[in-house]
Amino acid sequence: MLRVCSEKELKKYADFAYNLATDPTKSGYPSYSDGIKTKEMFVKRLEEAFSQDTEEILLFELGGVVEGLIHYYFLPSDKYLSTVSFNIGSHTDQALKEFLKFAESQFKGYELFLGYSVKNKQAIEFLSAHGFELIEEDNNCTGLLKQYQPVYVDSNIVRVTKDNYNAFRKIHSIAEDDMYWNSDRIYADIENWFIFVKMQGSDAVGSIYYNIVDDGWFEIFGIDLKDNIFDGQVVYELLGIAMNTAKEAGGTYMTFFCGDEEQKVACELGFIWVDKYLCYKKLL
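Everything numeric here is computed off the predicted structure, so don't read it as measured data. (Residues numbered from 1 in each chain as written. Predicted model: local features only at pLDDT ≥ 70, side-chain atom pairs only at ≥ 80, totals over all residues. Heavy atoms only, no water.)

Quick notes on the pairing of strand E6 (residues 133–144)
The pairing of E6 with strand E12 (residues 272–283) spans nine bridges and is classified as antiparallel. Bridged to threonine 142 within E12 is isoleucine 272. For E6 and strand E11 (residues 253–258), the ladder comprises six bridges, and the chain directions are antiparallel. Directly across from glycine 143, in E11, lies its bridge partner methionine 254. (Pairing = 2+ DSSP bridges. Helix = DSSP H or I, 4+ residues; strand = E, 2+ residues; numbered from the N terminus.)

In structure tokens form, the structure reads like this:
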């Protein structure tokens, strides 16, 4: 059964939940086995749920034993539902069955997004068999900015602001599709983004966009390429400008979720492969 977790119970089960979070076979994304996120960050994020109107922590209990927890959040204006933590020691399929039933009763009309490591086979098998659509399959990679040596990038790569945003919007609008961070949302939040485009004459042939996750930690949210045609040199230069500027900003880590072709280029710049990430979506 699922039941609401109290602040007192969270203190009791926090260590147990964190141990599950560090095991990709028993947890969902965000990953705490990536060598970046700490136990302090995990507990702090859980505690924030009690001060938010759009978050809640549920304990999953079976036979009177707590097997794990689910920390979910929702965005009413976007009809968006997802999880901050989905950490279950055993019977993951049963926990997902009960959470899906709960979500369908409480959040009808929402889109539910769930992300897991490919190593969490119970979760993947359940989602694949219960009407979820696989919408993303990426390599989770980490750039170590302290060790990174900046590379040369061409001067035709420019920083995007509100004044020249249309160059980015034109190329990003082709790729955004189901993406939460579409052109409009990024524009409204542009002060929190680092966006660069590689120009060829008056046209953008590629773009990269990243933001700050935490102190010293950045994440690349995507690379867009003209006509969605892969160009290794353009990707190399865009990754280079992102890594260069993040290092200049005093960064320690850069997270990058990417496809196989992009991963090969990322490795040339020193990125380390962490995990294979799968994201599923279902309309409730």
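Here's the deal with the environment of glycine 63
You can see glycine 63 is positioned in the loop between strand E2 (55–62) and strand E3 (65–75). Distance in space between the C-alpha atoms of glycine 63 and methionine 1 is 8.7 Å, their sequence separation being 62 residues.

Some details on the state of the cysteines
Applying the stated criterion across every chain, the model contains zero disulfides. The thiol of cysteine 267 is not disulfide-bonded; the next cysteine sulfur, from cysteine 141, is found 6.0 Å away. By relative accessible area, which is 37% here, cysteine 267 ends up partly exposed. (Disulfide = S-S within 2.5 Å. Buried < 20%, exposed > 50% of the residue type's maximum accessible area, 1.4 Å probe, protein only.)

Looking at the environment of leucine 81
Locating leucine 81 in the fold gives a position in strand E4 (residues 80–88). Leucine 81 gets classed as buried once you look at its relative accessible area, which sits at 0%. For leucine 81, the contacting residues outside a window of four places in its chain are Tyr72, Tyr73, Phe74, Ala103, Phe107, Tyr110, Glu111, Leu112, Phe113 and Leu284. (Contact = heavy atoms within 4.5 Å.)

Some thoughts on the packing of aromatic side chains
By the definition in use, this model includes 30 aromatic pairs. A ring pair is formed by tyrosine 18 and tyrosine 32, whose centres lie 6.5 Å apart and whose planes are at 80°; its orientation type is edge-to-face. Here tyrosine 32 lies in the loop between helix H1 (7–21) and helix H2 (39–48) and tyrosine 18 lies in helix H1, a separation of 14 residues in the sequence. Ring centres 5.4 Å apart and planes at 70° place the aromatic pair tyrosine 165 and phenylalanine 168 in the edge-to-face group. With tyrosine 165 and phenylalanine 168 both in helix H5 (residues 165–175), this residue pair falls three residues apart, about one helical turn. Summarising the burial analysis for this pair, tyrosine 165 and phenylalanine 168 share the class buried. One aromatic cluster in this structure is built from Tyr73, Tyr80, Phe113, Tyr165, Phe168, Tyr180, Trp181, Tyr187, Trp193, Tyr209 and Phe221. Lying over the aromatic face of tyrosine 187, arginine 169 brings its terminal NZ or CZ to 5.9 Å of the ring centre. (Phe/Tyr/Trp six-rings, centres within 6.5 Å; stacked < 30°, edge-to-face > 60°. Lys NZ or Arg CZ within 6 Å of the ring centre and 35° of its normal.)

Description of the pattern of salt bridges
Taken as a whole and assessed by the stated rule, the structure comprises 12 salt bridges. Note that glutamate 48 is salt-bridged to arginine 45, the shortest N-O span being 3.2 Å. Here arginine 45 and glutamate 48 lie together in helix H2, a separation of three residues that amounts to about one turn. One salt bridge connects arginine 185 with aspartate 78, and the closest N-O pair in it is separated by 2.6 Å. In this pair, arginine 185 is assigned in helix H6 (residues 183–188) and aspartate 78 in the loop between E3 and E4, connecting sequence segments 107 residues apart. For aspartate 78, a relative accessible area of 27% puts it in the partly exposed group. Residues participating in the shared-partner salt-bridge network are Arg3, Glu9 and Glu61. (Salt bridge = Lys/Arg side-chain N within 4 Å of Asp/Glu carboxyl O.)

Observations concerning helix H3 (residues 92–106)
With 15 residues, H3 extends 21 Å between its outermost C-alpha atoms, agreeing within 8% with the 21 Å of an ideal straight helix rising 1.5 Å per residue. Of all the positions in H3, only Thr92, Ala95, Leu96, Glu98, Phe99, Leu100 and Ala103 are classed as buried. (Expected span 1.5 Å × (residues − 1).)

Some points on the sheet that holds strand E7 (residues 157–159)
Reading across the sheet, the 12 strands line up as E1-E2-E3-E4-E5-E12-E6-E11-E10-E9-E8-E7 and stay open at both edges, with mixed pairing between neighbours. At either margin of the open sheet sits one strand with a lone partner, and together these are strand E1 (2–4) and E7. Averaged over neighbouring strand pairs, the angle between their axes works out to 30° when direction is ignored. Bridge count for strand E9 (residues 203–214) against strand E10 (residues 217–225) is eight bridges, and the pairing is antiparallel. Counterpart to aspartate 214 in the pairing with E10 is tryptophan 217. The sheet contacts of helix H7 (residues 232–248) involve E6, E7, strand E8 (193–200), E9, E10 and E11, and relative to E9 the element is tilted by about 35°. (Axes fitted to C-alpha atoms, helices over the stretch in contact; angles between N-to-C directions.)

A look at the environment of glycine 240
Residue position: glycine 240 is located in helix H7. In this structure, the C-alpha to C-alpha distance between glycine 240 and alanine 266, residues 26 residues apart in sequence, is 9.1 Å. Not counting residues within four places of it along the chain, the set of residues in contact with glycine 240 comprises Tyr148, Val151, Val153 and Leu269.

Observations regarding the packing of H1 against H2
Taken N-terminus to C-terminus, the directions of H1 and H2 make an angle of 130°; their axes are 10 Å apart at the nearest point. Here H2 runs oblique to H1, going by the angle between their axes. When you trace H1 past H2, the crossing you get is right-handed. Between H1 and H2, the residues in contact are Leu10, Ala14, Asp15, Ala17, Tyr18 and Ala21 and Lys39, Phe42, Val43, Leu46 and Glu47, respectively. (Parallel < 35°, antiparallel > 145°, perpendicular 65-115°, else oblique. Left-handed = near helix turned anticlockwise from the far one by under 90°.)

Keep in mind these values describe shape, not function.
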